[in-house]
Amino acid sequence: MNKYILFLSTLLATSVSCAEISIDSGKLSNKIIYDGTRRRLTKTGKGGKSGGEDIEDGSWWSGSDDGWHPSGDSELEKLLHGRFSGKDDASGAQERVGDPESPVMTDMKSQVRYGFDEGFTKMGFEISILNGVKVTLIHFHCAQAGSNGPVVVDFWETPPDTDGTDINGVALDGYLSNDDILSDNLDDGMCGNIKLNNLASLYQAMLNGDIYLNIHTQANPAGENRGQIFVMH
């Protein structure tokens, strides 16, 4: 898996007019929008996530309040808006650290967006951090809400010559494969009642509420932001 930092950059927006044609497409509410120069098939899925595919060249566009922004990775955006996708927020309030275990008081907030392809051969992800100070590690762990558990995906760790990385925007994005599942960290390879050894079983563990995002910092090495993954059925 490629692990890299991609800090948030400014993207140019184009205005969108109101010419729309609704299309019924099952779980996705689709519309064709014509902005005067291009026709874009927009897709609004679970949780109000939206995006669009340019009908002319097939490029993917991410929606926002101030217009349309070209995505940095069309294939990734399609996964993040696809059938097996979702997003969850992480905060200090969800953390369980110390003895006795308690939340973490912090201004840092985080979010993970994820999406699996139809065959569960890869998972796209985008992890954003607001007010992150000296971030050291980003993981998926296995445990139910309110409990702590072992690491099952190692997304990123700070470079060895630093004591942490300040992040305020998109921290990293990319893809997971079956090889990124750390099943050896689990007792008998089990995460809850799931044998966790590939992306399909990772998705099933998410459905069961057994996976959470944990972002560690120098100030809070056990975790400063936690976000339980709750898949919308």
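Predicted model only: the values in this text are computed from it and were never measured.

Enquirer: An account of the nonpolar core is requested, with residue identities and associated values reported.
Expert: Among the nonpolar cores identified, the biggest contains 37 residues, and Met123, Ile138, Phe140 and Phe155 are the most heavily contacted of them. Top contributing element to this core by residue count: strand S9 (residues 123-142), with eight residues. What phenylalanine 140 contacts, discounting residues up to four positions off in sequence, is Val112, Met123, Pro150, Val151, Val152, Val153, Phe155, Met206, Ile211, Tyr212, Leu213 and Ile229.

Enquirer: Any details on the environment of valine 231? Residues and values, ideally.
Expert: With respect to the element layout, valine 231 can be found in the segment after strand S15 (225-228). Along the backbone, valine 231 and aspartate 88 are 143 residues apart, and their C-alpha atoms lie at a distance of 8.8 Å. Excluding its chain neighbours within four sequence positions, the residues that come into contact with valine 231 are Tyr114, Tyr203, Met206 and Leu207.

Enquirer: Just give me the short version of the side chain of arginine 113, but keep the residues and values in it.
Expert: With respect to the helices, strands and loops of the structure, arginine 113 is situated in strand S8 (residues 109-116). Residue contacts for arginine 113: discarding those within four places in its chain leaves Glu77, Leu80, His81, Gly86, Lys87, Gly124, Phe125 and Glu126.

Enquirer: Before we move on, can you summarise the confidence of the model for the protein chain with the specific residues and values?
Expert: Taken as a whole, the protein chain shows an average pLDDT of 78; of its residues, 68% reach a score of 70 or greater. Per-residue pLDDT stays below 50 along residues 2-30; that stretch engages in 70 contacts with residues further than four places along the chain or on separate chains. Between residues 64-69, whose pLDDT stays under 50, and residues either more than four places distant or in other chains, the model counts 21 contacts.

Enquirer: Lay out the pattern of salt bridges with the relevant residues and their values.
Expert: All chains considered together, the criterion is met by three salt bridges. Between arginine 83 and glutamate 118 there is a salt bridge whose closest N-O contact spans 3.7 Å. Here arginine 83 is found in the loop between helix H1 (74-80) and strand S7 (84-90), whereas its partner glutamate 118 is found in the loop between S8 and S9, with 35 residues between them in sequence. Close ionic contact of arginine 113 with glutamate 126 constitutes a salt bridge, the shortest N to O distance being 2.9 Å. Taken together, the positions of arginine 113 in strand S8 and glutamate 126 in strand S9 put the pair 13 residues apart, joining distant regions of the chain. Take glutamate 126: its relative accessible area is 14%, and that puts it in the buried class.

Enquirer: Before we move on, can you summarise the pairing of strand S10 (residues 151-157) with the specific residues and values?
Expert: Among the seven residues that make up S10, five are buried, leaving the element largely enclosed by the rest of the structure. Taken together, the five bridges between S9 and S10 define a ladder with antiparallel strand orientation. Looking at the pairing, isoleucine 138 lines up with tryptophan 156 of S10.

Enquirer: Go over the side chain of asparagine 214 with me, naming the residues and quoting the values.
Expert: Along the polypeptide, asparagine 214 turns up in strand S14 (residues 211-217). Among the polar contacts made by the side chain of asparagine 214, one reaches the side chain of histidine 216 at a distance of 3.4 Å. Those residues in contact with asparagine 214, other than ones at most four positions away along the chain, are Glu95, Leu137, Ile138, His139, His141, Ala222, Gly223, Asn225 and Arg226.

Enquirer: I'd like to hear about the packing of aromatic side chains, residue by residue, with values.
Expert: Two aromatic rings are characterised by how far apart their centres lie and by the angle between their planes. Within this structure, the stated rule accounts for eight aromatic pairs. Summarising the aromatic geometry, the rings of tyrosine 114 and phenylalanine 116 are spaced 6.3 Å apart at their centres and angled 70 degrees between planes, so their arrangement reads as edge-to-face. With relative accessibility at 1%, the residue tyrosine 114 sits in the buried group. Taking the relative accessible area as the measure of exposure, phenylalanine 116 reaches 3% and is therefore buried. Relative to phenylalanine 120, the ring of phenylalanine 116 lies with its centre 5.5 Å away and its plane at 45 degrees, an arrangement referred to as tilted. With respect to burial, phenylalanine 116 and phenylalanine 120 carry one shared label: buried. Grouped by ring-pair contacts, the aromatic residues Phe84, Tyr114, Phe116, Phe120 and Tyr203 constitute a single cluster. The lysine or arginine in question, lysine 122, covers the ring of tyrosine 175, its NZ or CZ lying 5.0 Å from the ring centre. Against the face of tyrosine 212 rests arginine 226, its NZ or CZ located 3.5 Å from the ring centre.

The rules behind these values
Residues numbered from 1 in each chain as written. Predicted model: local features only at pLDDT ≥ 70, side-chain atom pairs only at ≥ 80, totals over all residues. Heavy atoms only, no water. Core = buried A, V, L, I, M, F, W, Y, C linked by side-chain atoms within 4.5 Å. Buried < 20%, exposed > 50% of the residue type's maximum accessible area, 1.4 Å probe, protein only. Helix = DSSP H or I, 4+ residues; strand = E, 2+ residues; numbered from the N terminus. Contact = heavy atoms within 4.5 Å. pLDDT = per-residue confidence, 0-100. Salt bridge = Lys/Arg side-chain N within 4 Å of Asp/Glu carboxyl O. Pairing = 2+ DSSP bridges. Polar contact = N/O pair within 3.5 Å; in protein donor to acceptor, adjacent residues only side chain to side chain. Phe/Tyr/Trp six-rings, centres within 6.5 Å; stacked < 30°, edge-to-face > 60°. Lys NZ or Arg CZ within 6 Å of the ring centre and 35° of its normal.

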